[in-house]
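One-letter residues, chain by chain:
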Amino acid sequence: MAQDMTLLWGSGSPPCWRVMIALEEKKLQGYNSVLLSFEKMEHKSQQVLDINPRGQVPSFKHGNVIVNESYAACFYLESRFKSQGTKLIPDEPEEQALTYQRMFEGLSLYDKLSAVIFYDYYVPEGERLESALKRNKETLVTELKLWEGYLEKLGSGSYLAGKDFTMTDVVVFPTVATAFRFGLSAGRYPKLGAYHALMKERPSIKASWPPHWLENPKGQDTLKDI
């Protein structure tokens, strides 16, 4: 099965990482893994464009099926291989609803995080404003406090949508990990810090950890004051 799959990806990209975690959890190791360099603009290469006309990664193909949006690819893998590996979508309605709710709230967290850590990348130099970056940081703090509250309500040792690992963790953990990679304080956000530590021990996370993070574990301090 996995031999018919190709994933084009970039190291440290949360959308790419989501798909890699899903593949690990569904026991689909052995797929054709193609690591591309963002610095060399390889995500704009013809190899990517042949699968994804947007010139973005992840670019994922299974046989003749192409699914490039990371959430869509994760849903596809869970649906296609439902009885294999980890069950990622609960059957019980309340648990399922919370899983979906937190999954899509994860997109808000990702957007607000990106608006801070990639501010200089997204905004041309002549258009950058300290006041805008300050607002972005305040918005991110509000968002992080929401997630801290969610975890506190769920109790010690919980995942993002309850006591069990779900699709929420597949798609949101890469964003949480990125926040800590960029200097978020576990002392200031202890519930997120505990969740981050819990997830780092999971086999699927260890197997898919961004290679350049392994090479340079230190990270950056962009969020040290958040």
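Just so you know, these numbers come straight off a predicted model, no measurement behind them.

Draft legend 1. View of the nonpolar core. Ranked by internal contacts, the top residues of the largest apolar core, which has 62 residues, are Leu23, Phe60, Leu77, Val170 and Leu223. Taken together, the elements giving at least two residues each to this core come down to strand S1 (5-10), helix H1 (14-25), strand S2 (32-36), helix H3 (70-80), helix H4 (93-117), helix H6 (130-154), helix H7 (167-181) and helix H8 (190-200). Tallying contributions element by element places H7 first for this core, with nine residues.

Draft legend 2. Just the packing of H6 against H8, in detail. Packing of H6 against H8 leaves a shortest axis separation of 8 Å and a crossing angle of 70 degrees. Comparing their axes, H8 and H6 come out roughly perpendicular. Crossing of H6 over H8 shows left-handed handedness. Facing Leu144, Trp147, Glu148, Leu151 and Glu152 of H6, the residues of H8 in contact are Pro190, Lys191, Leu192 and Tyr195. Looking at the contact of H6 with H8 residue by residue, the class counts come to six nonpolar, no polar and three charged.

Draft legend 3. Quick look at the sheet that holds S1. What the four strands build is an open sheet, ordered S2-S1-S3-S4; its pairing is mixed. The open sheet has two edge strands with one neighbour each: S2 and strand S4 (65-66). Against the sheet, H1 engages S1 and strand S3 (59-62), with an angle of about 140 degrees to S1.

Draft legend 4. Seen up close, the packing of H1 against H3. The interhelical angle for the contact between H1 and H3, taken along N-to-C directions, is 5 degrees, at an axis separation of 9 Å. Of the possible angle classes, the one that applies to H1 and H3 is roughly parallel. Residues Pro15, Arg18, Val19, Ala22 and Leu23 of H1 lie in contact with H3, whose contacting residues are Ser70, Tyr71, Ala73, Cys74 and Leu77.

Draft legend 5. Structural view of the side chain of Glu25. As for its position among the elements, Glu25 is in helix H1. Of note is the side chain of Glu25, whose polar atom sits 2.7 Å from the side chain of Arg202. For Glu25, the contacting residues outside a window of four places in its chain are Gly85, Thr86, Leu88, Phe165, Arg202 and Ser204.

Draft legend 6. Here's a closer look at the UniProt feature "domain: GST C-terminal" (unreviewed entry) in the chain. When the UniProt feature table is mapped onto this chain numbering, "domain: GST C-terminal" (unreviewed entry) sits at residues 92-220. Between the end C-alpha atoms of residues 92-220 the distance is 40 Å, and the span holds 71% helix and 0% strand.

Draft legend 7. Examining the domain arrangement of the chain more closely. Taken as a whole, the chain is organised into domain 1 (2-81) and domain 2 (93-215). One C-alpha centre belongs to domain 1, the other to domain 2, and the line joining them spans 21 Å. Tallying the contact residues gives 17 residues for domain 1 and 26 residues for domain 2. For the domain 1 and domain 2 pair, buried surface summed over both sides reaches about 1800 Å², with 74% attributable to carbon and sulfur atoms. The largest share of the area that domain 1 buries against domain 2 comes from Trp17, Arg18 and Tyr71, three residues that together contribute 38% of it. In this structure, the connection of domain 1 to domain 2 is made through one salt bridge. Here Arg202 and Glu25 are joined by a salt bridge, their closest N and O atoms 2.7 Å apart. Here domain 1 and domain 2 share six residue pairs in polar contact (both at pLDDT 80 or more) between them.

Draft legend 8. Representation of the packing of aromatic side chains. The final tally for this structure, using the stated rule, is 12 aromatic pairs. Summarising the aromatic geometry, the rings of Phe118 and Tyr122 are spaced 6.1 Å apart at their centres and angled 80 degrees between planes, so their arrangement reads as edge-to-face. Using a relative accessible area of 29% as the deciding quantity, one classes Phe118 as partly exposed. Through successive ring pairs, a cluster of aromatic residues spans Trp17, Phe173, Tyr195, Trp209 and Trp213. Between the NZ or CZ atom of Arg18 and the centre of the ring of Tyr110, over which it lies, the distance is 5.1 Å. Its guanidinium or amino end placed over the ring of Tyr150, Arg102 lies 3.5 Å from that ring's centre, counting from NZ or CZ.

Thresholds, definitions, all that
Residues numbered from 1 in each chain as written. Predicted model: local features only at pLDDT ≥ 70, side-chain atom pairs only at ≥ 80, totals over all residues. Heavy atoms only, no water. Core = buried A, V, L, I, M, F, W, Y, C linked by side-chain atoms within 4.5 Å. Buried < 20%, exposed > 50% of the residue type's maximum accessible area, 1.4 Å probe, protein only. Helix = DSSP H or I, 4+ residues; strand = E, 2+ residues; numbered from the N terminus. Axes fitted to C-alpha atoms, helices over the stretch in contact; angles between N-to-C directions. Parallel < 35°, antiparallel > 145°, perpendicular 65-115°, else oblique. Left-handed = near helix turned anticlockwise from the far one by under 90°. Contact = heavy atoms within 4.5 Å. Nonpolar A, V, L, I, M, F, W, Y, C, P; charged D, E, K, R; others polar. Pairing = 2+ DSSP bridges. Polar contact = N/O pair within 3.5 Å; in protein donor to acceptor, adjacent residues only side chain to side chain. UniProt positions renumbered as here; feature names shortened; annotations may be inferred. Domains from an automatic or database assignment. Buried area = accessible area lost by both parts, 1.4 Å probe. Salt bridge = Lys/Arg side-chain N within 4 Å of Asp/Glu carboxyl O. Phe/Tyr/Trp six-rings, centres within 6.5 Å; stacked < 30°, edge-to-face > 60°. Lys NZ or Arg CZ within 6 Å of the ring centre and 35° of its normal.

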